[in-house]
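# Structural overview
The primary structure of each chain is shown beneath.
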Amino acid sequence: MSKIKKIYARQILDSRGNPTIEVDVITEKNILGRFSVPSGASKGENEAFELRDNNKDFFYGKGVLKAVYNVNNIISPELIGKSIFDQIYIDKLMIELDGTKNKKRLGANSILSISVSIAKAAANELNIPLYKYIGGIYTNKLPIPLINIVNGGRHSNAPIAFQEFMIVPIKANTFLEALQMGHKVFYQLKNLLQKEGLSTSVGDEGGFSPNFNGIEDVLNHILEAIHMANYEPYDQIGIAIDCAASEFYLDNKYYDYSKFENKKENYKKSKKEHVNYLSYLIKRFPIISIEDGMDQNDWEGWKLLTDEIGDKVQLVGDDLFVTNTYKLNEGIQKKVANSILIKVNQVGSLTETIETINLAKKNKYKNIISHRSGETEDSFISDLTVAFNIEQIKTGSICRSERISKYNQLLRIEEVLGKYSCYSEWNYT
């Protein structure tokens, strides 16, 4: 039973150039487990607390030296000598050491950095794949990728309120084939934008971010790119959108989506009108998944949306559920949404993440494992997805190395699983 010999934290930079925390866990056999924590730009208000230094003279307040200190000087002494294989005990011990509801004392980034590093060290100690250590012997399914091709909202400077537009290869036979399909559509869209004289610069998650003329203009371009790549919409490739509706919701109104900069002046749609607009979009375009279609606190709106189109498309709660069993249980009881986005840093430990995944499965809510807009080259979420045979993953576009690292890890896993692997089929109900 190998034990923890050393835990060491450092500050590194994420894909935006902002600081984040990375932790090394070293066992008494000198085996290393390392994890770096991602960070979101658009955060749900109920997410676990991300500890920053708030020193404006040091990385404009975004430093994480307080979190590094907490790992090296407060948490580490409590864990030295503990078994590397006692994941649940260690996670619960750190949560108790913090003692707050949302990990505000020590920081969810401090706790999570150790939590995942522990699992990695244990897998390395046993010399088995991380996905198999976490999930067991029945892990054999590769996910469908939700591939980001247009960025809006807080992820780019494009004047589009909806945050992500993704393509979903629903008729691929392997994960490799799914990526190839996404690659074709991505570059056909790039060619189309170039011909029209539009920018092909990319946003935080690798999607294009030109000055489109509204939501439907984006969707029309994506639809044309799918046809240009010689794929059939609906049958072979669908579209997924992340509205991130909390970003344009004020005083019980959803403001004009094409006037992102005029948030206070454009109270345009009531809850029912907004629901009707999303319903209209799925009738006109091959949209098969809508994430955060309503505000994170608008339970009435979520119920309207679920009753209207919940039997037609995947409705994903991100800010609504924040990878939290309490929030997910509330959604289950109120019968809103039918899927949940899983982000490990929203809750702050591997154990709590797994508890949320299992609760969703028990209640027939689909899980989608997700990256954050501020990422690192760490590919942990790829292993987490395979560990629990989760059908979908969001990790960004077909560019930017911090996004590609997750795809590449899934390709390695598919190669290892070989003939025993199973590629997911699209089924949101």
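For the structure itself, look to the data block above.
Everything in this summary refers to the structure shown in the same document. (Residues numbered from 1 in each chain as written. Predicted model: local features only at pLDDT ≥ 70, side-chain atom pairs only at ≥ 80, totals over all residues. Heavy atoms only, no water.)

Our next topic: the pattern of salt bridges. Across all of its chains, the model carries 28 salt bridges by this definition. With a closest N to O distance of 2.8 Å, Lys343 and Asp318 form a salt bridge. In this pair, Lys343 sits in the loop between β12 (339–342) and α10 (344–347) while Asp318 sits in the loop between β11 (314–317) and α9 (325–334), placing the two residues 25 residues apart along the sequence. When salt bridges that share partners are traced, they join Arg10, Glu22, Asp24 and Arg34 into one network. (Salt bridge = Lys/Arg side-chain N within 4 Å of Asp/Glu carboxyl O. Helix = DSSP H or I, 4+ residues; strand = E, 2+ residues; numbered from the N terminus.)

Around the barrel, which closes on itself, the 8 strands sit in the order β5-β6-β7-β10-β11-β12-β13-β14 with mixed pairing between neighbours. Taken over all neighbouring pairs, the strand axes of this sheet differ in orientation by 30° on average, direction set aside. The pairing of strand β5 (residues 144–151) with strand β14 (residues 392–396) spans 4 bridges and is classified as parallel. Residue pairing in the sheet places Pro145 in a bridge with Ile393 of β14. (Pairing = 2+ DSSP bridges. Axes fitted to C-alpha atoms, helices over the stretch in contact; angles between N-to-C directions.)

The next thing to look at is the sheet that holds strand β3 (residues 32–36). The sheet built from 3 strands is open, its strands ordered β1-β2-β3 with antiparallel pairing. A strand with exactly one partner marks an edge of an open sheet, and here the two such strands are β1 (4–13) and β3. Neighbour-to-neighbour, the strand axes of the sheet open up by a mean angle of 15°, direction not taken into account. Summarising the sheet, β1 and strand β2 (residues 19–27) pair through 9 bridges and their orientation is antiparallel. Residue pairing for β2: Leu13 is matched across the bridge by Pro19.

Moving on, we come to the packing of helix α1 (residues 65–79) against helix α3 (residues 108–126). Running from N to C, α1 and α3 cross one another at 50°; their axes reach a closest spacing of 9 Å. With respect to α3, the axis of α1 lies oblique. For the crossing formed where α1 meets α3, the hand is right-handed. Every residue of α3 that contacts α1 at Ala67, Asn70, Val71, Ile75 and Leu79 is listed here: Asn109, Ser110, Ile111, Ser113 and Ile114. Its residues placed into classes, the contact of α1 with α3 shows 6 nonpolar, 4 polar and no charged. (Parallel < 35°, antiparallel > 145°, perpendicular 65-115°, else oblique. Left-handed = near helix turned anticlockwise from the far one by under 90°. Contact = heavy atoms within 4.5 Å. Nonpolar A, V, L, I, M, F, W, Y, C, P; charged D, E, K, R; others polar.)

Honestly, it's all geometry; don't read function into it.
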